[in-house]
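# Summary of structural features
Here is how the chains run, residue by residue.
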There are 2 protein chains.
Amino acid sequence: MGEFDLIRRYFSPPVLHTRLAGGDDAALIVPSSRDTELALTTDLLVAGQHFFMEMEPERLGYKAAAVNLSDIAAMGAQPRWALLGLVLPTMDEPWVEAFSRGFRQSLASYQVDWIGGDTTAGPMALAVTMVGEVPQGQALRRSGACVGDDIWVSGTLGDAALGLDYRLGRCQLPEVACKLALERFELPVPRVELGMALRGVAHSAIDLSDGLLADLDHLVTASRVGAVLEVGCLPVSLAQPGTWRDVEWCRRVLQGGEDYELCFTAEPCHRSGLSQLGAQLGVPLTRIGTVTAEPKQRLLRDPQGAEMSLAWRGFDHFQDIS
Amino acid sequence: MGEFDLIRRYFSPPVLHTRLAGGDDAALIVPSSRDTELALTTDLLVAGQHFFMEMEPERLGYKAAAVNLSDIAAMGAQPRWALLGLVLPTMDEPWVEAFSRGFRQSLASYQVDWIGGDTTAGPMALAVTMVGEVPQGQALRRSGACVGDDIWVSGTLGDAALGLDYRLGRCQLPEVACKLALERFELPVPRVELGMALRGVAHSAIDLSDGLLADLDHLVTASRVGAVLEVGCLPVSLAQPGTWRDVEWCRRVLQGGEDYELCFTAEPCHRSGLSQLGAQLGVPLTRIGTVTAEPKQRLLRDPQGAEMSLAWRGFDHFQDIS
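Treat the numbers as computed from the prediction; the structure is a model and nothing was measured.

## Notes on the relation of the copies chain A and chain B
It takes a turn of 180 degrees to lay chain A on chain B, together with a shift of 0.0 Å along the axis; the resulting RMSD is 0.0 Å. The operation mapping one copy onto its partner corresponds to a two-fold rotation axis. Looking at the interface residues of chain A, 100% of them are also at the interface in chain B, so both copies use one shared face.

So, in structure tokens, the structure goes:
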């Protein structure tokens, strides 16, 4: 089966709100309203770097879409259209079928149209571009955090890192914990509804892909403010072994990447509203710290008020692996 | 120098018409008018597959943008925004600097904003996403060709294939021919102004990336029509050795990819207007055939009217290399 046949068979799913999808030099879309801003993001996933070559293809397809949906969610935008670039060492039809099924399922949860892409031979890698819509001026940026804002996080932290540890044989886990950690690592749930609900409420937002400390550092740096975090407040799941006193716990919960939760800041007057919103969406929202006036401040406090020293730097794809 | 520093230094060029570029979870853009349609395309370029690993990085950056600009041109759209995904085996700062310079230059020729992207470690590959704008309903599609249309092509054919042959040591060339062929292969000029000028004139269009026969086959297949081509009419440059009687000439001119010219169809009443347009833009426009009613017809005629047999199939990145 040739490249063109393959593209036609699996990469031309039906679309809901697209003028022209697939099979031409470009796809054509029309924004859904006149006052819309478009949010665009592109993410690379390289085999051996961002995922295991032997990862189940349906899960990989799902995750490739989900991590880009998460970026759109962090802007408070509604995801609408996706493009997929797929580099594959060989044309393995069952693999492509399963991959595209997972990709499609992830998109379908949010009525996102898969409008085009490219396939070619080479070392396995994925390039997803996601386009969302948000009413003009309402996007959530990293740069909007204000002194005195509460710092919030959705869901639980460190589960994906636990799943990765398990996949790498670094830890053993009870069956239930194992299932939860692997699902969080391989099938992250992008917080799309939450992001949209935070319009007009959050001053700033970012999604957690590089780890809480690194991503929060991006946010407060962009906002030219500081941050104090309370380690005792950090939400963790029942699967997470250990406590904040353990080095490994801290590495997973504070520095572990790929949780794809939203970290955002909001004025204290929104506390009860946000608690209600979390309950309504079925997503725990937890206050974990405060935005401060000192732009260089990155303070992590233990439950006794003592300062903990942990690196707030980002995961570096050139220095930390390879 | 870390990943984040690198991204900040080279990948945050100034933008002209973008709400928010780089450094957030997504970029934000606003369409320039209310009746606009957006054209989106994404292209993968893999080292060893689409370009030589040792290709001069400034030229590679230029070409990566140009081939995507060409897709937007083929839709009759005005290119406006670009995203770049860059997979690099190591962080080589001079390489990244030169690459981004070429990429930026290519975009700057058409006032395209570079609004974001992603970088990571891995086997060298590029993923470019380009977004253009076109007034609603005016995009040029592959599917619009009508029986009786003239088939036109811009520029000359087969020069890029000649440049590739030279790079592969398959042929020797006089110095002037060599320079021309290599420039056409490594620095293709996307026909952006031409594409926009063809709105309301051409019934259909495609850019020539896979070779004339393959791409024209895509166009007439999408339009459910047939095609007759006159080999004696095909425009070639002075660099192109041989004649239509030579197998190698036919391979380069008819089947060679990467010319990034536009192939389009238009009613015969536009002949003089199109000749004037070509003169005005400084781009030769040549009539090379006719659209016919028989959907299966793919006829290539020599100057004596005899049928020539050549494969009209597309280049297959999985079957033809590796």
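Picking up after the structure, the text goes on.
## Some words on the interface of chain A and chain B
Interface size, as often reported, equals the accessible area lost upon joining of the parts. Facing the 68 residues of chain A at the interface are 68 residues of chain B. Each partner contributes to the roughly 5500 Å² buried at the junction of chain A and chain B, and carbon and sulfur atoms together form 62% of this total. Inspection of the chain A/chain B interface yields six salt bridges. With a closest N to O distance of 3.3 Å, R142 of chain B and D25 of chain A form a salt bridge. One can count 23 residue pairs in polar contact (both at pLDDT 80 or more) joining chain A with chain B. Secondary-structure elements contributing two or more residues to the side of chain A that touches chain B are helix 1 (3–10), strand 1 (27–29), strand 2 (36–46), helix 2 (57–74), strand 3 (78–88), strand 4 (113–121), strand 5 (125–135) and strand 7 (202–207) of chain A. Top contributing element to the side of chain A that touches chain B by residue count: strand 2 of chain A, with 10 residues. Of the strand pairs in this sheet, strand 2 of chain A and strand 1 (residues 27–29) of chain B are connected by three bridges, and their pairing is antiparallel. Paired with L40 of chain A across the two strands is A27 of chain B, which belongs to strand 1 of chain B.

## Focus on helix 9 (residues 271–281) of chain B
All names here are of chain B. Within the sequence span of helix 9, burial applies to L274, L277 and G278. All buried residues of helix 9 project into a common sector of 100 degrees when viewed along the axis, lining one side. Those residues of helix 9 that are exposed and angled more than 90 degrees off the buried face are Q276, A279 and Q280. In this structure, the buried side of helix 9 is in contact with strand 6 (150–154), helix 6 (192–197), strand 9 (262–266) and strand 10 (285–292).

## Brief notes about the environment of W244 of chain A
Residue and element names in this part refer to chain A. One can find W244 in the loop between strand 8 (226–230) and helix 8 (247–255). Sequence-wise, W244 and L234 are 10 residues apart; in three dimensions their C-alpha atoms are separated by 9.2 Å. Those residues in contact with W244, other than ones at most four positions away along the chain, are V231, W249, C250, D302, P303, Q304 and M308.

## Remarks on the packing of aromatic side chains
Going through the model one piece at a time under the given rule, you end up with eight aromatic pairs over all chains. Ring geometry for W152 of chain A against F264 of chain A: centres 6.1 Å apart, planes inclined by 0 degrees, an arrangement best described as stacked. Separated by 112 residues along the polypeptide, W152 of chain A in strand 6 (residues 150–154) and F264 of chain A in strand 9 (residues 262–266) bring together distant segments of the chain. With respect to class, W152 of chain A is no different from F264 of chain A; both count as buried. What links up through ring pairs into an aromatic cluster is the set W95, F99, F103 and W114 of chain A. In this structure, R80 of chain A is placed above the aromatic ring of W81 of chain A, and the distance from its NZ or CZ to the ring centre is 4.9 Å. Between the NZ or CZ atom of K63 of chain B and the centre of the ring of F185 of chain B, over which it lies, the distance is 4.3 Å.

## Structural notes on the domain arrangement of chain A
Residue and element names in this part refer to chain A. What the domain assignment reports for chain A is domain 1 (3–135) and domain 2 (142–304). Between domain 1 and domain 2, the C-alpha centre-to-centre distance is 26 Å. Opposite the 21 residues of domain 1 that make contact, domain 2 presents 23 residues. Summed over both partners, the interface of domain 1 with domain 2 comes to about 1800 Å²; 62% of that surface belongs to carbon and sulfur atoms.

## Quick look at the confidence of the model for chain A
On average, residues of chain A carry a pLDDT of 93, and 94% of them reach 70 or more. Here the complex is predicted with pTM 0.94, and the ipTM for its interfaces comes to 0.94.

## Let's talk about the pairing of strand 7 (residues 202–207) of chain B
Residue and element names in this part refer to chain B. Burial within strand 7 is extensive, with five of its six residues counted as buried. One ladder, built from five bridges, connects strand 7 with strand 9; its direction is antiparallel. The partner of A202 across the bridge, within strand 9, is A266.

Rules used throughout
Numbering of residues begins from 1 in every chain and follows the order in which that chain's sequence is written. Chain letters and ligand numbers both follow the written order, the letters beginning at A and the numbers at 1. The predicted nature of this model means local features are confined to residues of pLDDT at least 70 and side-chain atom pairs, given and counted, to a pLDDT of 80 or more, with totals for whole chains, interfaces and linings taken over all residues. The side-chain figures draw on all heavy atoms in the structure; neither hydrogens nor water molecules are used. C-alpha atoms of residues with pLDDT of at least 70 in both copies form the basis for the least-squares superposition of the copies. Note on contacts: a residue pair qualifies if any of its non-hydrogen atoms lie within 4.5 Å across the two residues. Accessible-area loss on putting two parts together, using a 1.4 Å probe and summing over both, is the definition of buried area adopted here. Salt bridges are defined as contacts in which a side-chain nitrogen from Lys or Arg sits within 4 Å of a carboxyl oxygen from Asp or Glu. What qualifies as a polar contact is a pair of N or O atoms within 3.5 Å, subject to a donor-acceptor requirement within protein and to the restriction that residues adjacent in sequence count only when both atoms come from side chains. Put simply, DSSP H or I for four residues or longer makes a helix, DSSP E for two residues or longer makes a strand, and each gets a number counted from the N terminus. Think of it this way: DSSP has to see at least two bridges between two strands before they count as a pair. When accessible area is computed with a 1.4 Å probe and restricted to protein chains, residues below 20% of their type maximum are described as buried, those above 50% as exposed, and intermediate ones as partly exposed. Arc definition: directions from the helix axis to the C-beta atoms. Pairs were defined over the aromatic rings of Phe, Tyr and Trp, the Trp ring being its six-membered one, requiring ring centres within 6.5 Å. Orientation was assigned from the angle between planes: stacked under 30 degrees, edge-to-face over 60, tilted for the rest. Distance and angle both matter: a charge sits over a ring if NZ of Lys or CZ of Arg is within 6 Å of the ring centre and within 35 degrees of the ring normal. Residue ranges for the domains originate in an automatic or database domain assignment. pLDDT is a per-residue confidence score from the predictor, ranging from 0 to 100.

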